[in-house]
Amino acid sequence: MSDRKIDALGTDPKVIDGKAFAVKLREKIARQVKQLQAERGFTPGLAVVLVGEDPASKVYVRNKGEQTKECGMASFEHKLPATTTQAELLALIDQLNKDPKVNGILCQLPVPQQIDPQAIINAIDPDKDVDGFHVVNAGRLATGGQGLVPCTPYGCLLLLKDRLGDLSGKHAVVIGRSNIVGKPMAQLLLNESCTVTIAHSKTRDLPGEVRRADIVVAAVGRPEMVKGDWIKDGAVVIDVGINRIERDGKGKLVGDVDYASAYPKAGAITPVPGGVGPMTIALLLNNTLIAACRQHGVKLPD
Ligand code: NDP
């Protein structure tokens, strides 16, 4: 990393520190929760449903539960066996939809193969759908309505606005068109008046598309695919990818961007780990807070 610069605080200003941003956001949420408890007499609550024994999902659910409680919110964990039927899961979702103490509901994906994930997502009350995956929330995002926005792209947007301020008129290239990252990311950038290109596996000349971008968001799931010579000088690079690889006989997490070659070209860049990843749970808690305030008909505290 030839042009690495360290400022007086010992940090590299080119690196977008999602971990530090998420800590600050969670501290703000904890203050807002305290204020709601003191002034409005309610505690926002998040229910997380885990079906089966997927090891990665168990870690995510544990982290979500811990961070929910650290922010002073109520955490309701429902762990169901891998043999759970779709009807049983739908019955639990129905019960959570009706529970006034539960303001947000998240069903950890993937679910076992006897269950249709879309049927579960669409059974959640859209106003409690803190993952923002319900078809109604996708529609609200697309049409400018008041909905709940998927956490990972929402986190990317906050990092971009913190770094760049007004995004209007910038050319953004989003690589990936999944319903949970690529499409909502593109929609959010369009709502900020960016000119947006969505690239995917059938895109011709991906390097050429990326070279025109002021903002690059990579959400592909292919380790280190985006190379430094694809990046326009000074572009802001947001790497959503989380890929586990073996290097020098050791396990390592890398993004979808080849960090070593992209760093010298980028104006700012998120590392993996420590960039987008930590933002996702922070935005889940933020969505739970927003959902709770809307359900109680009160303004979000400052
Ligand atoms: P999906 O597999 O659902 O989507 C991947 C997208 O990348 C698809 O649209 C696919 O195109 C496109 N793609 C695949 N290969 C290429 C290629 N060679 N060139 C251009 N585009 C390509 O993944 P997700 O959106 O769910 O996740 C993307 C990455 O983000 C993963 O690494 C995942 O682990 C990570 N992630 C991180 C999160 C976080 O908290 N930081 C949260 C969610 C995801 P096509 O549609 O044509 O097949």
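Attention in this report is confined to the structure presented alongside it. (Residues numbered from 1 in each chain as written. Predicted model: local features only at pLDDT ≥ 70, side-chain atom pairs only at ≥ 80, totals over all residues. Heavy atoms only, no water.)

1. Comments concerning the overall build of the protein chain
Thinking step 1. For the protein chain, the count of helices and strands is 10 helices and 10 strands.
Thinking step 2. Computed over its C-alpha atoms, the radius of gyration of the protein chain comes to 20 Å, within 12% of the 19 Å expected for a compact globule of 302 residues.
Thinking step 3. Reported as C-alpha extents along the three principal axes, the dimensions of the protein chain are approximately 55 × 45 × 40 Å.
Thinking step 4. Sorting the 302 residues of the protein chain into buried and exposed places 47% on the buried side.
Thinking step 5. When contacts within the protein chain are restricted to residue pairs at least 6 apart in sequence, long-range pairs at least 24 apart make up 69% of them.
Thinking step 6. Looking at the protein chain as shown, the accessible area adds up to about 14500 Å², and 52% of this sits on carbon and sulfur atoms.
Thinking step 7. When the 38 basic and 34 acidic side-chain charges of the protein chain are each reduced to a single mean position, those positions are 1 Å apart. (Helix = DSSP H or I, 4+ residues; strand = E, 2+ residues; numbered from the N terminus. Rg over C-alpha atoms; globule rule 2.2 N^0.38 Å. Buried < 20%, exposed > 50% of the residue type's maximum accessible area, 1.4 Å probe, protein only. Contact = heavy atoms within 4.5 Å. Areas by Shrake-Rupley, 256 points an atom, 1.4 Å probe, with all protein chains shown as cover. Lys, Arg positive; Asp, Glu negative; His and termini not counted. Charge placed at Lys NZ, Arg CZ, Asp CG, Glu CD.)

2. Quick notes on the side chain of Gln67
Thinking step 1. With respect to the helices, strands and loops of the structure, Gln67 is situated in helix H2 (residues 55–70).
Thinking step 2. At 3.4 Å, the side chain of Gln67 and the side chain of Arg26 are in polar contact.
Thinking step 3. With residues near it in sequence (within four places) discarded, Gln67 still touches Arg26, Ile281 and Leu285. (Polar contact = N/O pair within 3.5 Å; in protein donor to acceptor, adjacent residues only side chain to side chain.)

3. What to know about empty space enclosed by the protein
Thinking step 1. Summed over the entire model, instances satisfying the criterion amount to 1 cavity of 30 Å³ or more.
Thinking step 2. In terms of lining residues, the largest cavity is bounded by Leu106, Cys107, Leu109, Ile121, Ile124, Asp129, Asp131 and Phe133.
Thinking step 3. Of the residues in the lining of the largest cavity, the class split is 6 nonpolar, no polar and 2 charged. (1 Å grid on protein atoms, 1.4 Å probe; cavity = no way out; pocket = protein on both sides within 12 Å on 5 of 7 lines; lining within 4 Å. Points joined across faces, edges and corners; volume = space filled by probe spheres on them. Nonpolar A, V, L, I, M, F, W, Y, C, P; charged D, E, K, R; others polar.)

4. A look at helix H1 (residues 18–40)
Thinking step 1. With 23 residues, H1 should cover 33 Å at 1.5 Å per step; its first-to-last C-alpha distance of 31 Å lies within 8% of that length.
Thinking step 2. For H1, the full list of buried residues reads Gly18, Ala22, Leu25, Arg26, Ile29, Gln32, Val33 and Leu36.
Thinking step 3. Tucked into the core, H1 has its buried residues touching H2, helix H6 (151–164) and helix H10 (277–296).
Thinking step 4. Where H1 begins, one side-chain oxygen reaches toward the backbone nitrogen of Lys19, 3.2 Å away; that side chain belongs to Asp17.
Thinking step 5. Positive phi appears at Gly41, one or two residues downstream of H1, with a value of about 75°. (Expected span 1.5 Å × (residues − 1).)

5. What to know about the packing of aromatic side chains
Thinking step 1. Summed over all chains, the structure comprises 1 aromatic pair.
Thinking step 2. Ring geometry for Tyr259 versus Tyr263: centroids 5.9 Å apart, planes at 40°, classification tilted.
Thinking step 3. In this arrangement the basic side chain of Lys14 is found over the ring face of Tyr263, its NZ or CZ atom lying 4.6 Å from the centre. (Phe/Tyr/Trp six-rings, centres within 6.5 Å; stacked < 30°, edge-to-face > 60°. Lys NZ or Arg CZ within 6 Å of the ring centre and 35° of its normal.)

6. With respect to the sheet that holds strand S5 (residues 195–199)
Thinking step 1. Sheet architecture is open: 5 strands sit in the order S5-S4-S6-S7-S10, paired in parallel fashion. If you trace the sheet from one side to the other, it starts and ends with S5 and strand S10 (268–269), each paired once.
Thinking step 2. Pairing analysis gives 5 bridges linking strand S4 (residues 171–175) to S5, with the strands arranged parallel. For Ile175, the partnering residue across the bridge sits in S5 and is Ala199.
Thinking step 3. Sitting on the sheet, H6 touches strand S6 (215–218), strand S7 (236–239) and S10, and the angle it makes with S7 is about 160°. (Pairing = 2+ DSSP bridges. Axes fitted to C-alpha atoms, helices over the stretch in contact; angles between N-to-C directions.)

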